[in-house]
Amino acid sequence: MFKEILTFPSRHLIYVIPSTIVSGLAVGYFVDASSLKGFILPVVVFMIYPTMIGFELRELLDLSGRKLVVLSLFINFILVPVVAYVLGLIFLLRNPELFAGLAIASLLPTSNMTIAYTMFAGGNVKASVKLVALSLILGSVLAPWYLYLMVGRYVPVDIWLIFRTIGIVVFLPLTMGILTFKHLKKRYTEEEFNKGIKPLLPGISVWGVIFVIFASASMNSKLIFSSADNLFIAIFVQTLFYLINYVLAVAGSKQSKLNRADSYTLVYSTGLRNLAISIGLATTFGVQAALMVSLAFLFQAQAAAWFTRLDRKYRFLPS
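Let me sum up the structure you'll find in this document. (Residues numbered from 1 in each chain as written. Predicted model: local features only at pLDDT ≥ 70, side-chain atom pairs only at ≥ 80, totals over all residues. Heavy atoms only, no water.)

1. Overview of the packing of helix H2 (residues 13-30) against helix H10 (residues 201-226)
Here H2 crosses H10 at 40°, and the two axes come no closer than 7 Å. Taken together, the axes of H2 and H10 lie oblique to each other. H2 and H10 meet at a crossing whose hand is right-handed. Across the interface between the two elements, Leu 13, Val 16, Ile 17, Thr 20, Ile 21, Ser 23, Gly 24, Leu 25, Val 27, Gly 28 and Tyr 29 of H2 pack against Val 206, Val 209, Ile 210, Ile 213, Phe 214, Ala 217, Ser 218, Ser 221, Lys 222, Ile 224 and Phe 225 of H10. In terms of residue class, the contact of H2 with H10 is made up of 15 nonpolar, six polar and one charged. (Axes fitted to C-alpha atoms, helices over the stretch in contact; angles between N-to-C directions. Helix = DSSP H or I, 4+ residues; strand = E, 2+ residues; numbered from the N terminus. Parallel < 35°, antiparallel > 145°, perpendicular 65-115°, else oblique. Left-handed = near helix turned anticlockwise from the far one by under 90°. Contact = heavy atoms within 4.5 Å. Nonpolar A, V, L, I, M, F, W, Y, C, P; charged D, E, K, R; others polar.)

Laid out in structure tokens, this is it:
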């Protein structure tokens, strides 16, 4: 019973995320929710910590599959930020905080869901684990400088504040996760950990996601209702952003002649963003930046699930 309750949101994300946003907007319209802002950063740390348990830095030392790794990094740290920047210039200049939220999401690729969807689709899981580790480290180092270049003219960008925030929301839970995993390995075998503990960890994280999305929506509620056009523009831009990301990944896999397993890995290592970390960083730019990242939760899980179904029917990726 406890396991069912714990994992319920993660098993029903396509319903939980929209209902959380709607309830947050409703509550925020009638109640002052500004006091929730102080809880967001601690909850983000709690949210990311379970995803770091079992994280293996040694995966970075594995030099196999270099073509896939280089292509994934090129798309993630060159093409995707360019896409976000162009979309921001075209559609979001009148609302720089939304622009900042889109830029943040574009700079922090991959998450544990990358591994999960790669596994579900029959992709190269080992390469997926390596790309998650590598992208986490590179994204954390590069994000402050990219943000300064992308949105520094439109919103104040405090590089050292961003580094400090990344230290809190990435490297603190990463250290906690590594230490926790070392302790667990003394009590459980790898098989016991993978079967009994690891499946529960995403469920714990999603409860934190729910709080952060609810807080972002409720704090933005009156602003959204007073300028609903901003919300529609944000949703439209997010739709374009994810659509273009998937097109880039499919085109990259075909041009590079990757096998089918590596193609799935490329798609899910570039199409999925690390929204848990992104939303923690977005709070430093304001509640609308956090809302922009929150909206990405609406698209990400559904786009990933639908891509696998559509690819099996229409064969977008190389056979």
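2. Digging into the side chain of Thr 20
Position of Thr 20 among the secondary structure elements: in helix H2. Residue classification places Thr 20 among the buried residues on the basis of a relative accessible area of 7%. Look past the residues within four positions of Thr 20 in its chain and what remains in contact with it is Ile 210, Ile 213 and Phe 214. (Buried < 20%, exposed > 50% of the residue type's maximum accessible area, 1.4 Å probe, protein only.)

3. Considering the nonpolar core
Within the largest apolar cluster, 92 residues are counted, with the highest numbers of intra-cluster contacts made by Leu 147, Val 151, Tyr 268 and Phe 285. At 12 residues, helix H14 (residues 287-314) tops the list of elements feeding residues into this core. Within the second largest apolar cluster, five residues are counted, among which are Ile 53, Leu 184, Phe 193 and Leu 201. (Core = buried A, V, L, I, M, F, W, Y, C linked by side-chain atoms within 4.5 Å.)

4. A look at the pattern of salt bridges
Applying the stated criterion across every chain yields a total of two salt bridges. Note that Glu 191 is salt-bridged to Lys 195, the shortest N-O span being 3.1 Å. Remark: Lys 195 and Glu 191 occur in helix H9 (residues 190-197); sequence separation between them is four residues, near one turn of the helix. Take Lys 195: its relative accessible area is 61%, and that puts it in the exposed class. Of the charged contacts in the structure, one is a salt bridge between Arg 260 and Asp 311, with a shortest N-O distance of 2.4 Å. Placement of the pair is Arg 260 in helix H12 (residues 260-271) and Asp 311 in helix H14, with a sequence separation of 51 residues. Here the two residues Arg 260 and Asp 311 agree in accessibility, since each one is buried. (Salt bridge = Lys/Arg side-chain N within 4 Å of Asp/Glu carboxyl O.)

5. Looking at the packing of helix H3 (residues 37-52) against helix H13 (residues 275-282)
Packing of H3 against H13 brings their axes to within 10 Å, and their N-to-C directions diverge by 165°. Comparing the axis directions of H3 and H13 gives the class roughly antiparallel. Judged by the twist between their axes, the crossing of H3 over H13 is left-handed. Contact residues: Leu 41, Val 44, Met 47 and Ile 48 in H3; Ala 276, Ile 277, Ile 279 and Gly 280 in H13. Looking at the contact of H3 with H13, its residues break down into seven nonpolar, one polar and no charged.

6. Some points on the environment of Thr 308
With respect to the helices and strands, the residue Thr 308 is situated in helix H14. Distance from Thr 308 to Tyr 117, taken between C-alpha atoms, is 8.6 Å for residues 191 residues apart in sequence.

7. Concerning unusual backbone geometry
Residues apart from glycine generally show negative phi values, whereas peptide bonds are mostly found in trans. Its identity is not glycine, yet Thr 110 carries a phi of approximately 65°, on the positive side. Note on placement: Thr 110 falls in the loop between helix H5 (96-107) and helix H6 (112-121). Thr 110 gets classed as buried once you look at its relative accessible area, which sits at 1%.

8. Remarks on a nonpolar patch on the surface
Taken together, the side chains of Phe 74, Ile 78, Val 82, Val 86, Leu 89, Ile 90, Phe 91, Leu 93 and Phe 236 make up a nonpolar region of the molecular surface, amounting to roughly 750 Å² of accessible area. It is helix H4 (residues 66-91) that contributes the most residues to the nonpolar patch, seven residues altogether. Considering the arrangement of structural elements, one finds Ile 90 in helix H4. (Patch = residues over 30% accessible without salt bridge, like charges linked within 9 Å, V, L, I, M, F, W, Y side chains within 5 Å. Areas by Shrake-Rupley, 256 points an atom, 1.4 Å probe, with all protein chains shown as cover.)

9. Structural notes on helix H1 (residues 2-11)
Listed in full, the buried residues belonging to H1 are Leu 6, Thr 7 and Pro 9. Angularly, the buried residues of H1 cover 140° about the axis, an arc narrow enough to put them on a single face. Summarising the contacts, the buried residues of H1 are in contact with H2 and H10. (Arc of directions from axis to C-beta.)

10. A look at the packing of aromatic side chains
Two aromatic rings, taken as a pair, are described by how far apart their centres are and by the angle between their planes. What the rule picks out here adds up to 17 aromatic pairs. Between Phe 241 and Tyr 242 the ring centres are 5.5 Å apart and the planes differ by 80°, which places this aromatic pair in the edge-to-face class. Classification of Phe 241 by relative accessible area gives buried; the value is 1%. A ring pair is formed by Tyr 268 and Phe 307, whose centres lie 6.2 Å apart and whose planes are at 90°; its orientation type is edge-to-face. Linking Tyr 268 in helix H12 with Phe 307 in helix H14, this pair joins segments that are 39 residues apart in sequence. The burial state of Tyr 268 is the same as that of Phe 307; both residues are buried. Joined through ring pairs, the aromatic side chains of Tyr 117, Tyr 246, Tyr 264, Tyr 268, Phe 307, Tyr 314 and Phe 316 make up one cluster. Of note, Arg 309 hangs over the ring of Trp 306, and the distance from its end group to the ring centre comes to 4.9 Å. (Phe/Tyr/Trp six-rings, centres within 6.5 Å; stacked < 30°, edge-to-face > 60°. Lys NZ or Arg CZ within 6 Å of the ring centre and 35° of its normal.)

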